[in-house]
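Analysis of the macromolecular model
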Amino acid sequence: MLYRVSAAWARVELWCASFLAVCVTLLVLLNVVTRTTGNALFWVDELAIYAMAWMTFLGASAALHHRSAVSVTLLPDAVSPGLKSALLKTVDIVIFVFSLSMVWFCWLWFLPLDIAHAGFDVSTFQSKTFNFIYAEPTSTLGVQKYVFWIVMWLFALGAALHSTMHLISGPETKA
Amino acid sequence: MSPVVFLTALFISVPVAIVLIITSIWYIWESGNTVLYDSFVQKMFAGLENYGLLAVPLFMLTGELMNEGGMTKRLINMARVFVGGFRGGLAYINLLANMFMAAIIGSATAQIAVMSRAMVPAMEEEGYDRGFAAATTAAGGLLAPVIPPSMMFVIFGVLAQVPIGDMFIAGIIPGLLLSLAFVLVITLIGWSQQFPKGTWMPLRDAKHALIGALPALLIPVAIIGGILFGVTTPTESAAIASLIAFLVGWLVYKELKPNQLGEMFKRTAVNASMIIFMISAASVFGWVIIYEEVPQRLAGLITAITSDPFMFLLIVNATLLLAGMVIDGIAAIILITPILLPIATGNYDISPYQFGVVICLNLVLGLLTPPVGIGLYIASSMSETLPGAILRALWPFLLAVAAVLILLSYFPSLSTMLI
């Protein structure tokens, strides 16, 4: 069950990441066209960078489902199958701890309960917590930056989902 | 404890990016500076806010498009026109085609995969030893990260904060030098083994081959010309290159269909996110490097051994050859640049361009050396040759790369002359 949820979520992540790769390409091309015609659009670069950041974190989370991230496999490849599966289980535990830390760090940064307690009033929240996350603007887009930072939640929760799946299912789970 | 956590996690095969992140988490915990956790995720995001990084997915896309777009065989045909008639013609064709490809594709593994499939069977058919054919192709792939555009240079440029366009230009002479070294190797082997005779193409066919390859050549012209003349940034030239690759593959060569694009963008997203995520992880790992003053400490050790920049580069080369054998090249660049670059520029007054060219070429060698030489295994599986057979024929090429590395380390002007 959990495997199916994780696989379905990884598919969504990859679909979104592919779409964002299209966006990155089109935005940079748009930049070339507008710049050569003398009508440079100042917001395109920043948007392209955020699209790339979203693509990266969604893709990185999906890579945890597929176990496709770059790693040094010298040792697991050299040891007996029994020891290898023990090592890979340890890796699953490490990645699980990593993903929980990411969720915790997102919590520390976004402080969702505190902003709710402040009635979603940013200035009350800031005077209480000295956390200025909800006030930081983007340079050119006219949107608050936390809108783009939300991808870190998606990454943290996606990583938590995929790593929990690997932790409780056997090593024979198909990637 | 942090170094123990780092090495243990790395060697039990935790993904490299996550190794960097958990080492940083551990280090912050140990040093009691836990207020950094509040901005940990922000730092990871901020590590990606770099315009130059946009070139990574775009160059990958260009590679994907030209793999599917029928450009490889046209470039091989064009190479045939120039060097096909010499004894050992196909070996030179292989090398020349690899040079053209290197000017379009930025990644050695991608290039080795495409070229092995295209060249090894053709060379074997004409009577070359299969191991030698695969070794020539694999060595040719090493040109990809040196001849612009190069994925490794993009990443080095971002980390070292030097203009990526200048980094590309710095790679031109080293790339030609490396090609020349490979030509010498092939010629020397040809003398001892009597390669099959080549045949020159009839004039009509040659004209046909040249015209066929012209549209594909638009890509390197757009990339290198755009950067050299300052018309486009490397990121923009990468986008233009992908557009040309698509239009040529679709409308001119008619081998690419728009409905293949979805799958290509997916592969681009998967591969690019893997690399860019490592850069994000490296930005939090930067805390560890800075607070622990790793470069300063290491500099203290190395400057006690030598004050000569050339000796320093030789030591770096020897160390990185070992590192490149176990760690993927791009991961190694991400790990090593923040530590060694300040020493190279600060203590030894080495140009960042020279340093970048030397470490990128050095680390890419790891692709062809066991135990984790991905390039070697790709060449092996694509050409159905045993890795051992390729390695036996590969060592003269590896020696040639080592010689070029020494030259590049000794003469800084080879890298900095054109900038």
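Report on the accompanying structure. Please read all numbers here as calculations on a predicted model, not as lab measurements. (Residues numbered from 1 in each chain as written. Chains lettered and ligands numbered in written order. Predicted model: local features only at pLDDT ≥ 70, side-chain atom pairs only at ≥ 80, totals over all residues. Heavy atoms only, no water.)

Next up on the list: the overall build of chain B. Helix and strand counts for chain B come out as 21 helices and 0 strands. The globule rule puts the C-alpha radius of gyration for 419 residues at 22 Å, and the 22 Å found for chain B is close to it. Reported as C-alpha extents along the three principal axes, the dimensions of chain B are approximately 75 × 50 × 40 Å. Across the 419 residues of chain B, 61% fall into the buried class. Look at the contacts in chain B between residues 6 or more apart in sequence, and 77% of them connect residues 24 or more apart. Accessible area for chain B stands at about 15700 Å²; split by element, carbon and sulfur atoms hold 67% of it. The distance from the centre of the 16 positive side-chain charges to the centre of the 20 negative ones in chain B is 16 Å. (Helix = DSSP H or I, 4+ residues; strand = E, 2+ residues; numbered from the N terminus. Rg over C-alpha atoms; globule rule 2.2 N^0.38 Å. Buried < 20%, exposed > 50% of the residue type's maximum accessible area, 1.4 Å probe, protein only. Contact = heavy atoms within 4.5 Å. Areas by Shrake-Rupley, 256 points an atom, 1.4 Å probe, with all protein chains shown as cover. Lys, Arg positive; Asp, Glu negative; His and termini not counted. Charge placed at Lys NZ, Arg CZ, Asp CG, Glu CD.)

All names here are of chain B. Residues L243, L247, W250, L251 and V252 make up a contiguous nonpolar surface patch of roughly 410 Å² in combined accessible area. Here L243 shows up in helix α13 (residues 234-252). For L243, a relative accessible area of 37% puts it in the partly exposed group. (Patch = residues over 30% accessible without salt bridge, like charges linked within 9 Å, V, L, I, M, F, W, Y side chains within 5 Å. Salt bridge = Lys/Arg side-chain N within 4 Å of Asp/Glu carboxyl O.)

Moving on, we come to the pattern of salt bridges. Side chains bearing opposite charge may pair, as long as their charged atoms lie close to each other. Residues and elements named next belong to chain B. A complete count under the given rule lists 11 salt bridges over all chains for this structure. One salt bridge in this structure joins E255 and R74, with 3.0 Å as the shortest N-O distance. With E255 in the loop between α13 and α14 (261-291) and R74 in helix α5 (residues 71-83), this residue pair connects regions lying 181 residues apart in the sequence. Judged by relative accessible area, E255 falls into the partly exposed class, the value being 27%.

This part is about the environment of S415 of chain B. Considering the arrangement of structural elements, one finds S415 of chain B in helix α21 (residues 413-416). Beyond its immediate sequence surroundings of up to four residues, S415 of chain B is in contact with A170, P174, Y353, Q354, V357 and L408 of chain B.

On to the layout of surface pockets. All names here are of chain B. In this structure, the largest pocket spans a volume of roughly 1200 Å³. Mapped onto the lining of the largest pocket, the elements with two or more residues apiece are α4 (55-68), α7 (108-125), α9 (151-160), α14, α16 (309-326), α17 (329-347), α18 (352-365) and α19 (374-383). Here the residues of the lining of the largest pocket are counted per class, giving 27 nonpolar, 12 polar and 5 charged. Of the voids in this model, the second largest pocket is the one considered here, and its volume is about 910 Å³. Around the second largest pocket sit 29 residues that line it, and F6, F285, V294, L298 and I339 are the ones nearest its centre. Every element with two or more residues in the lining of the second largest pocket is listed here: α1 (2-11), α2 (16-31), α14, α15 (294-305), α16 and α17. Here the residues of the lining of the second largest pocket are counted per class, giving 23 nonpolar, 3 polar and 3 charged. (1 Å grid on protein atoms, 1.4 Å probe; cavity = no way out; pocket = protein on both sides within 12 Å on 5 of 7 lines; lining within 4 Å. Points joined across faces, edges and corners; volume = space filled by probe spheres on them. Nonpolar A, V, L, I, M, F, W, Y, C, P; charged D, E, K, R; others polar.)

Let us look at α17 of chain B. Residues and elements named next belong to chain B. The end-to-end C-alpha distance of α17 is 25 Å, a good match for the 27 Å that 19 residues give at a rise of 1.5 Å each. Here α17 lies mainly inside the structure; 14 of its 19 residues are buried. The N-terminus of α17 is capped by D328, whose side-chain oxygen sits 3.2 Å from the backbone nitrogen of I330. D349 sits one or two residues past α17 and shows a positive phi near 60°. (Expected span 1.5 Å × (residues − 1). Polar contact = N/O pair within 3.5 Å; in protein donor to acceptor, adjacent residues only side chain to side chain.)

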